[in-house]
Amino acid sequence: MNNLPATSAYRQKMEEITDKEDSVELSFFTCPAMQQTTWRRANNTRRHLTTRYAMHGFHFTLCDARCWEPSEQCRCRLCGEPAGRYHLMNCPNNSQSLTQLTAQ
């Protein structure tokens, strides 16, 4: 390590980075894009499904209000439970794959 003094610009940038990291939902780290690496392989025809699920969870496909951003009022149209961003993979009444749900 070096012994250089931290400048105000450096401290400000580090605070910015920390704020961004803190704003990421913890459930994001459990989605398939963060848990698996197969989607990164060349010519993967389903890569877009994995990365889009990581970004928005296809919330709008299950939300009874058909909204894009999850809120406390959102309920799953399949099971009636609260529908958070990544509810799709944990819904007890979902029997469809990402491919099937996104084709609707």
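It should be noted that the structure appears before, not after, this text.
Below or above, wherever it landed, is the structure these notes cover.

Here is what the cut-offs are and how they apply
Residues numbered from 1 in each chain as written. Predicted model: local features only at pLDDT ≥ 70, side-chain atom pairs only at ≥ 80, totals over all residues. Heavy atoms only, no water. Helix = DSSP H or I, 4+ residues; strand = E, 2+ residues; numbered from the N terminus. Buried < 20%, exposed > 50% of the residue type's maximum accessible area, 1.4 Å probe, protein only. Contact = heavy atoms within 4.5 Å. Areas by Shrake-Rupley, 256 points an atom, 1.4 Å probe, with all protein chains shown as cover. Lys, Arg positive; Asp, Glu negative; His and termini not counted. Charge placed at Lys NZ, Arg CZ, Asp CG, Glu CD. Patch = residues over 30% accessible without salt bridge, like charges linked within 9 Å, V, L, I, M, F, W, Y side chains within 5 Å. Salt bridge = Lys/Arg side-chain N within 4 Å of Asp/Glu carboxyl O. Arc of directions from axis to C-beta.

Overview of the overall build of the chain
- For the chain, the count of helices and strands is five helices and zero strands.
- Moving toward the C terminus, one meets the helices and strands of the chain in the order α-α-α-α-α.
- With the C-alpha coordinates aligned to their principal axes, the bounding extent of the chain is approximately 55 × 40 × 20 Å.
- Counting only residues that meet the buried cut, the chain has 26% of its 104 residues in that class.
- Taking the contacts inside the chain whose residues are at least 6 apart along the sequence as the reference set, 33% of them involve residues at least 24 apart.
- Total accessible area computed for the chain in this model is approximately 7,800 Å², and 52% of it derives from carbon and sulfur atoms.
- Each charge class in the chain can be summarised by its mean position, and for the 12 positive and 10 negative side chains these summaries are 13 Å apart.

Considerations on a nonpolar patch on the surface
- Residues V24, L26, F29 and M34 make up a contiguous nonpolar surface patch of about 390 Å² in total accessible area.
- Structurally, F29 is set in the loop between α1 (8-22) and α2 (32-35).
- By relative accessible area, F29 is classed as partly exposed at 42%.

Side note on unusual backbone geometry
- With phi around 60°, N43 is a residue other than glycine that occupies positive phi space.
- Relative accessible area serves as the criterion here: at 74%, N43 is assigned to the exposed category.
- Positive phi outside glycine occurs at R66, with the angle close to 55°.
- Locating R66 in the fold gives a position in the loop between α4 (59-62) and α5 (98-102).

Brief notes about the pattern of salt bridges
- Throughout the structure, instances matching the rule amount to three salt bridges.
- Residue K13 pairs with E16 through a salt bridge whose shortest N-O separation is 3.3 Å. Separated by three residues within a single helix, K13 and E16 lie in helix α1, roughly one turn from each other.
- The class for K13 is partly exposed, based on a relative accessible area of 44%.
- Classification of E16 by relative accessible area gives partly exposed; the value is 36%.
- Each of E25, E69 and R85 takes part in one network of salt bridges that share partners.

Details of the environment of G80
- Locating G80 in the fold gives a position in the loop between α4 and α5.
- Sequence separation between G80 and D64 is 16 residues; the distance between their C-alpha atoms is 8.4 Å.

Digging into helix α3 (residues 47-56)
- Among all positions of α3, only L49, T50, Y53 and A54 are buried. Take α3 and look down its axis: the buried residues cluster within an arc of 135°, on one side only.
- For α3, the elements touching its buried residues are α2 and α5.
- At the exit of α3 stands G57, carrying a positive phi of roughly 65°.

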